[in-house]
Amino acid sequence: MVETVVEPLPKTYSNIGIDLGLTNFIVLSDSTKVANPRFLSKLKDKLAREQKILAKRREVAKAQQRKLSDSRNYQKQKAKVAKIYEKNNQPAS
């Protein structure tokens, strides 16, 4: 075990305000702004791209007179799209 000495910080007796918003993620009372991480918009772009590829895989399978259940590339792409949906719909913790 390691023993450490904890020294308390001096009290400043000052208050700080934090505003949570959409355009600026956090704005502090001293006008410091923290940018909003745009995770959802990145996921939307990725989802759109992967869905477009999925549609192409469907067209290729139909053109070759194959069932979608037999088309391995279609099934792989379908799994990718499902994974992005899952990531996008997870509740924020």
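Residues numbered from 1 in each chain as written. Predicted model: local features only at pLDDT ≥ 70, side-chain atom pairs only at ≥ 80, totals over all residues. Heavy atoms only, no water.

Some details on the sheet that holds strand β2 (residues 24–28)
Backbone-to-backbone hydrogen bonds pair the strands of a sheet. The strands run either parallel or antiparallel.
Inference 1: Overall, antiparallel pairing links the three strands, which are arranged β1-β2-β3 in an open sheet. Only two strands of the sheet have a single partner each, and these edge strands are β1 (18–20) and β3 (33–35). Across the sheet, the axes of successive neighbouring strands diverge by a mean angle of 15°, strand direction being ignored.
Inference 2: Inspection of the sheet shows β1 paired to β2 by three bridges, in the antiparallel sense. Each residue of the ladder has a partner; that of Asp19, found in β2, is Val27. (Pairing = 2+ DSSP bridges. Helix = DSSP H or I, 4+ residues; strand = E, 2+ residues; numbered from the N terminus. Axes fitted to C-alpha atoms, helices over the stretch in contact; angles between N-to-C directions.)

Examining the packing of helix α1 (residues 39–63) against helix α2 (residues 72–88)
Inference 1: Running from amino to carboxyl end, α1 crosses α2 at an angle of 160°, the nearest separation of the two axes being 9 Å. Relative to α2, α1 is oriented roughly antiparallel. Of the two elements, α1 crosses α2, and the hand of that crossing is left-handed. Side by side, α1 and α2 meet where Leu40, Leu43, Lys46, Leu47, Glu50, Gln51, Ile53, Leu54, Arg57 and Arg58 of the first sit next to Asn73, Tyr74, Gln77, Lys78, Lys80, Val81, Ile84, Tyr85, Lys87 and Asn88 of the second.
Inference 2: Counted by class, the contact of α1 with α2 contains nine nonpolar, four polar and seven charged residues. (Parallel < 35°, antiparallel > 145°, perpendicular 65-115°, else oblique. Left-handed = near helix turned anticlockwise from the far one by under 90°. Contact = heavy atoms within 4.5 Å. Nonpolar A, V, L, I, M, F, W, Y, C, P; charged D, E, K, R; others polar.)

A closer look at α1
Inference 1: When the terminal C-alpha atoms of α1 are compared, their 36 Å separation across 25 residues agrees well with the 36 Å that a helix rising 1.5 Å per residue should span.
Inference 2: In this structure, the buried side of α1 is in contact with α2.
Inference 3: Once α1 finishes, Gln65 follows within two positions and takes phi at roughly 60°, a positive value. (Expected span 1.5 Å × (residues − 1).)

Topic: unusual backbone geometry
Inference 1: For Tyr13, which is not a glycine, the phi torsion comes out positive at approximately 55°.
Inference 2: Locating Tyr13 in the fold gives a position in the segment before β1.
Inference 3: For Tyr13, a relative accessible area of 74% translates into the label exposed.
Inference 4: The residue Ser31 is not glycine, and still its phi comes out positive at about 70°.
Inference 5: Within the secondary structure, Ser31 is located in the loop between β2 and β3.
Inference 6: You can call Ser31 exposed: its relative accessible area is 58%. (Buried < 20%, exposed > 50% of the residue type's maximum accessible area, 1.4 Å probe, protein only.)

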